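Analysis of the macromolecular model
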Amino acid sequence: MSLQCGIVGLPNVGKSTLFNCLSNAKAQAANFPFCTIEPNVGVITVPDERLTRLAELVHPGRIVPTTVEIVDIAGLVKGASKGEGLGNKFLANIRETDAIIHVLRCFDDDNVTHVDGTVNPVRDKEIIDTELQLKDLETIESRIQKVQKQAQTGGDKAAKQTYEVLLQYKNALEQGKSARTVQFETKDEQKIAKELFLLTAKPVLYVCNVDEQSAVHGNKYVEMVREAIREENAELLVVAAKTEADIAELETYEDRQMFLQEIGLEESGVSRLIKSAYHLLDLETFITAGEMEVKAWTYHKGWKAPQCAGVIHTDFEKGFIRAEVIKYEDYIKYGSEAAVREAGKLAVEGKDYVVQDGDIMHFRFNV
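Described in the following lines is the structure provided in the data block. In this text the structure is predicted, and so the values were computed from the model without any measurement.

Of the pairings in the sheet, the one linking strand β6 (residues 204-209) to strand β7 (residues 235-239) comprises 5 bridges and is parallel in character. When the sheet's bridge partners are listed, Val 207 is paired in β7 with Leu 237. The parallel pair β6 and β7 is bridged by helix α7 (residues 220-228), and the resulting crossover is right-handed.

A word on the packing of helix α8 (residues 241-248) against helix α9 (residues 253-263). Where α8 meets α9, the axes come as close as 9 Å, and the angle between the chain directions of the two elements is 150 degrees. Taken as axis vectors, α8 and α9 run roughly antiparallel relative to one another. Both α8 and α9 take part in a crossing whose hand is right-handed. Residues Thr 243, Asp 246 and Ile 247 of α8 form the contact with α9, whose own contacting residues are Arg 256, Phe 259, Leu 260 and Ile 263.

By size, the foremost hydrophobic cluster in this structure holds 58 residues, and its most contacted members are Cys 5, Leu 22, Ile 70, Ile 101, Cys 106, Val 207 and Leu 273. With 6 residues, the single largest contributor to this core is helix α10 (residues 269-280). With near-sequence residues (within four places) excluded, Leu 22 lies in contact with Ile 7, Ile 44, Ile 70, Val 270, Leu 273 and Ile 274. Core analysis: the second largest hydrophobic core is formed by 19 residues, Ile 140, Ala 159, Val 165 and Leu 198 among them.

Below, the discussion takes up the sheet that holds strand β4 (residues 67-72). In spatial order, the strands read β2-β4-β1-β5-β6-β7; together these 6 strands make up an open sheet with mixed pairing. Only two strands of the sheet have a single partner each, and these edge strands are β2 (40-45) and β7. Neighbouring strand axes in the sheet, compared pairwise and without regard to direction, differ in orientation by 25 degrees on average. Where helix α1 (residues 15-22) meets the sheet, its contacts fall on β1 (4-8), β2, β4, β5 (99-105), β6 and β7, and the angle it forms with β4 comes to roughly 155 degrees. Contacts between α10 and the sheet are confined to β1, β2, β4, β5, β6 and β7, with β7 contributing the most and set at about 165 degrees to the helix.

The rules behind these values
Residues numbered from 1 in each chain as written. Predicted model: local features only at pLDDT ≥ 70, side-chain atom pairs only at ≥ 80, totals over all residues. Heavy atoms only, no water. Pairing = 2+ DSSP bridges. Helix = DSSP H or I, 4+ residues; strand = E, 2+ residues; numbered from the N terminus. Right-handed = clockwise from strand over helix to strand, strands pointing away. Axes fitted to C-alpha atoms, helices over the stretch in contact; angles between N-to-C directions. Parallel < 35°, antiparallel > 145°, perpendicular 65-115°, else oblique. Left-handed = near helix turned anticlockwise from the far one by under 90°. Contact = heavy atoms within 4.5 Å. Core = buried A, V, L, I, M, F, W, Y, C linked by side-chain atoms within 4.5 Å. Buried < 20%, exposed > 50% of the residue type's maximum accessible area, 1.4 Å probe, protein only.

Function cannot be read off these values alone, since they describe shape.
Quick look at the structure:
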């Protein structure tokens, strides 16, 4: 399942530094605009402590975590929607991603130039929002021209419904609001909205890049962003990218944990960011556990057992009979599959079972 989060932001906000921490692929990080021109793609391992704990009980040959793709996209400037700077390339790259990680500069540093001269994360956010909204408005107006006559004069129900969705989006975008702020109630409307592929409809995670002193509790800039996105249906994460880069250079896990404890963090910002990106894509994990391997599998939240079986192999979905399910907590509590069975905690589920995050699954099928 190849899904991507795109990292975006104005030039010099720390997004390439953050990407370097996330990935073994080293994006060029330099103190000038447009040092990232072609998008760098990193396949990132999703941290999951559950796999380690299960492996301690199962003693498998290997542990296979799940992954998510992160794309570092060129910095955007004002006028991108009209092709300024690397605008057209930026917009094309972001259109291909499934969700957006928007990095905002929330630190003062005279040695790192700001493209607009001063630090103001809300203004920076609005610059990118405006460019994406203008591009979406262009898309909406183009579609309105195509369906308006059909919707208003003919008896085409689908055209009328599409027209109503377009008008709602147009109204929001003209008010400077992103498409994700518009909520549709019916499944038909939601389907029409999804098929428009609007840039500002993508789920977004705002990452406030702070200095080390602000890594735990944030700062005034973070509070400005928090207030600005209050009604936006978006998430916020505080990360000190420069500090994360220092942590990434430490050789051992123990050294990294000691560093984190010294600055008052339980978990690295990179780890929190990867997990947030995974959930931003509406993804969850089910697990298979055996002597050969303990493996995490990615599926969309809300999927049923046969669909999840198909993630392993299409034959599993075609010939699905049933799923044997053990809750992660029960496996840890009883210590083995046999003990779970004996305690009566192994559930046999049919094709309507909605898989839950962390379920340990064994599929029965016949092809």
